[in-house]
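Chain by chain, the residues run as shown.
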Amino acid sequence: MVRANGAVSLRELARVVQTSEVTVRRDVRALEAEGLLDRRHGGAVLPGGFTRESGFPQKSHLATAEKTAIADLAASFVEEGEAVVVGAGTTTQELARRLARIPGLTVVTNSLLVAQALAHANRVEVVMTGGTLRGSNYALVGSGAEQSLQGLRVTRAFLSGSGLTAERGLSTSNMLSASVDRALVQAAAEVVVLADHTKLGTDTMFQTVPTDLISRLVTDEPPAHDDRAGTELQALADQGVQIAVAGTGAAGTAGPGAPGGPGGESVPPGRGPRRDVPLPGQRRTHSGGPSGGPGAQLRSAGGPLAAQEPGERARVADLRRR
């Protein structure tokens, strides 16, 4: 599956092999140890390190419920009559579908997908940059795109990327995309990053937005086992980034109790909720204490495969074939 699609989510792998995500996660760790794939939060990709980037078809199937919830919350920060810039990406495409309902907006974008989502919004003016089309993500890049943004000033920029860390901020795997994103940042008074939990703690080749320029991060709640994502959220909050966490319901929308979601606190336009995200050890406790946590169960003197039972080895072999 990873060879065919370039990337696949743990949820999809669990569905195909008919087992739990916890079991699939352990098996994916073993496959990574063999050099057959690279783990990412919430999924796996073909080996490729900092420079590998999945195309739009692959990205559109990853963390779909999370991206929908993030887009719902991010749209609540936009007021009628504002001028904003929206960068390229599958999460920003979801945001654009919601911006279509807000009257009087002016949206500047280098993304054909964002422009398409707003094409039939009668009360929204869409301004596209110039540039050269990059087919893998349907974005306009290059000097034409960057020059068209010179002298522009808008209220806020909504951007996504391939990875987000507290140390380097937002990053992407493509130099041309990174250069245009930097130009979008320069045009905005406030920068809002949209990143689901699978991107937290992931670092890629080209920095687009340093942490000190990120005003707000809109993300989803990391799973209980994802301590690295929780730690990254805390580190971002410690550096002054406002963290807005969207809940995901069964339908992939903001869930009850989430900011801006049904049953949650309302979010005044232009004001994002500040949510303190505790360190993973404070957020959840695992039975057996630190030495008995999920991470300890994965460590073995004989390596990831040494501790596997026959049934687990069979699952790994099945995943390898897929």
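Residues numbered from 1 in each chain as written. Predicted model: local features only at pLDDT ≥ 70, side-chain atom pairs only at ≥ 80, totals over all residues. Heavy atoms only, no water.

Engineer: Would you explain the side chain of Asn174 in this entry?
Structural biologist: Structurally, the position occupied by Asn174 is in the loop between β11 (169-172) and α9 (175-186). One polar contact links the side chain of Asn174 to the main-chain amide nitrogen of Leu176, over a distance of 3.0 Å. Polar side-chain contacts of Asn174 include one of 2.9 Å to the backbone nitrogen of Ser177. (Helix = DSSP H or I, 4+ residues; strand = E, 2+ residues; numbered from the N terminus. Polar contact = N/O pair within 3.5 Å; in protein donor to acceptor, adjacent residues only side chain to side chain.)

Engineer: Sorry, what's going on with the pattern of salt bridges here?
Structural biologist: Any two side chains of opposite charge can pair, given that their charged atoms come close. In the structure shown here, the tally under the stated rule is 7 salt bridges. In this structure, the salt-bridge partner of Asp72 is Arg98, at a minimum N-O distance of 2.4 Å. One end of the pair, Asp72, is in helix α5 (residues 64-75); the other, Arg98, is in helix α6 (residues 90-99), with 26 residues separating them in the sequence. Note that Arg216 is salt-bridged to Glu190, the shortest N-O span being 3.1 Å. Taken as a pair, Arg216 in strand β14 (residues 216-220) and Glu190 in strand β12 (residues 188-194) lie far apart in primary sequence, 26 residues in all. Glu190 shares its class with Arg216; the two are buried. Within this structure, Asp72, Glu94, Arg97 and Arg98 form a network of salt bridges that share partners. (Salt bridge = Lys/Arg side-chain N within 4 Å of Asp/Glu carboxyl O. Buried < 20%, exposed > 50% of the residue type's maximum accessible area, 1.4 Å probe, protein only.)

Engineer: What is the right way to read the pairing of strand β15 (residues 242-246) from this model?
Structural biologist: In terms of residue burial, β15 counts as a mostly covered element, since 4 of its 5 residues are buried. Judged from the 5 bridges that link them, β14 and β15 form a sheet pairing that is parallel. In the sheet register, Asp220 faces β15, and the bridge partner there is Ala246. Following the chain from β14 across helix α10 (residues 227-238) to the adjacent parallel β15, one finds a crossover that is right-handed. (Pairing = 2+ DSSP bridges. Right-handed = clockwise from strand over helix to strand, strands pointing away.)

Engineer: What am I meant to see in the environment of Pro103 here?
Structural biologist: Topologically, Pro103 is positioned in the loop between α6 and β5 (105-109). Taking C-alpha positions, Pro103 is 9.4 Å from Glu125, a pair spaced 22 residues apart along the chain. Contact partners of Pro103, with chain neighbours within four places excluded, come to Glu80, Gly81 and Arg123. (Contact = heavy atoms within 4.5 Å.)

Engineer: How should I be thinking about the confidence of the model for the protein chain in this particular structure?
Structural biologist: Keep in mind that low pLDDT regions are not for reading the predicted coordinates in detail. Of the residues in the protein chain, 65% reach a pLDDT of 70 or more, and the chain-wide mean stands at 76. For residues 56-61, every residue scores under 50 in pLDDT, and the model assigns this stretch 13 contacts once sequence neighbours within four places are set aside. The model gives residues 250-308 a pLDDT under 50, and that stretch makes 108 contacts with residues more than four places away or in other chains. (pLDDT = per-residue confidence, 0-100.)

Engineer: Please clarify how the sheet that holds β14 should be interpreted in this entry.
Structural biologist: Paired through their backbone hydrogen bonds, the strands of a sheet run either parallel or antiparallel. Here we have 7 strands laid out as an open sheet, ordered β6-β5-β4-β9-β12-β14-β15, and parallel in their pairing. Edge positions in the sheet fall to β6 (124-128) and β15, since each has one partner strand and no second. Strand-to-strand twist of the sheet, defined as the mean angle between neighbouring strand axes without regard to direction, takes the value 20°. (Axes fitted to C-alpha atoms, helices over the stretch in contact; angles between N-to-C directions.)

Engineer: Hey, could you run me through helix α2 (residues 10-17) in this one?
Structural biologist: In an α-helix, one full turn covers 3.6 residues, which means residues spaced three or four apart are oriented alike. The complete set of buried residues in α2 reads Leu10, Leu13, Ala14 and Val17. In a view along the axis of α2, the buried residues occupy a sector of 100°, so they form one face of it. Looking one or two residues past α2, Gln18 carries a phi angle of roughly 60°, positive in sign. (Arc of directions from axis to C-beta.)

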